[in-house]
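# Per-entry structural report
Okay, here's what each chain looks like letter by letter:
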Amino acid sequence: MSTLILRTATRYLVPLLLLFSLFLLWRGHHEPGGGFVGGLVAATAFVLIGLAEGPGVARAVLRLRPTLLIPIGLATSTGAGLMALLQARPFLTGLWSKPGGPEALDLGTPLLFDLGVYLTVMGVVLSILFALMEETR
């Protein structure tokens, strides 16, 4: 059962949780964190919406089916590994570039791999929890 306090808190907490999940995703290719933890935090934001407003509203806010996030994430992670094979390096070797010059941020395949993990974890967690939420309503 949703309360006014939960619905009000959700409006403020969800953007913060999603922003924090992106911070964890970005931080992960240099320090601990990354796709797994970021995906869990992002899934928590959508579960919070589901608890406050119902799983139908949470699915509408997500805009994609959670089961679609899983293959997109797996394909992204696999693509990150295959990029190294295209340069005759071992699978999942990290490749880095600075597209904006020496002062730009490092972009590389570890971030792409983490993005795939992020999407996969989000998809799996939300698929399970949305199904449980709909079953109990």
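Thresholds applied
- Residues numbered from 1 in each chain as written.
- Predicted model: local features only at pLDDT ≥ 70, side-chain atom pairs only at ≥ 80, totals over all residues.
- Heavy atoms only, no water.
- Axes fitted to C-alpha atoms, helices over the stretch in contact; angles between N-to-C directions.
- Helix = DSSP H or I, 4+ residues; strand = E, 2+ residues; numbered from the N terminus.
- Parallel < 35°, antiparallel > 145°, perpendicular 65-115°, else oblique.
- Contact = heavy atoms within 4.5 Å.
- Nonpolar A, V, L, I, M, F, W, Y, C, P; charged D, E, K, R; others polar.
- Phe/Tyr/Trp six-rings, centres within 6.5 Å; stacked < 30°, edge-to-face > 60°.
- Buried < 20%, exposed > 50% of the residue type's maximum accessible area, 1.4 Å probe, protein only.
- Patch = residues over 30% accessible without salt bridge, like charges linked within 9 Å, V, L, I, M, F, W, Y side chains within 5 Å.
- Areas by Shrake-Rupley, 256 points an atom, 1.4 Å probe, with all protein chains shown as cover.
- Salt bridge = Lys/Arg side-chain N within 4 Å of Asp/Glu carboxyl O.

### Concerning the packing of helix α3 (residues 55-62) against helix α5 (residues 109-136)
- One can describe the packing of α3 onto α5 by two numbers: an axis separation of 10 Å at closest approach and a directional angle of 155 degrees. With respect to each other, α3 and α5 are oriented roughly antiparallel. Between α3 and α5, the contacting residues are P55, A58, R59 and L62 on the first element and M122, L126, F130, A131, M133 and E134 on the second.
- Considered class by class, the residues forming the contact of α3 with α5 number eight nonpolar, no polar and two charged.

### A word on the packing of aromatic side chains
- Scanning the model with the defined rule gives one aromatic pair in all.
- Their ring planes at 20 degrees and their centres at 6.2 Å tell us that F20 and F23 sit as a pair that is stacked. Here the residue F20 and the residue F23 both occupy positions in helix α1 (residues 4-27), the gap between them amounting to three residues, near one helical turn.
- On the basis of relative accessible area, F23 is assigned to the partly exposed category, the value being 46%.

### Re a nonpolar patch on the surface
- Taken together, the side chains of L82, L85, F91, L92 and F113 make up a nonpolar region of the molecular surface, amounting to roughly 440 Å² of accessible area.
- Residue position: L85 is located in helix α4 (residues 66-86).
- Residue L85 is classed as partly exposed on the basis of its relative accessible area, which comes to 44%.

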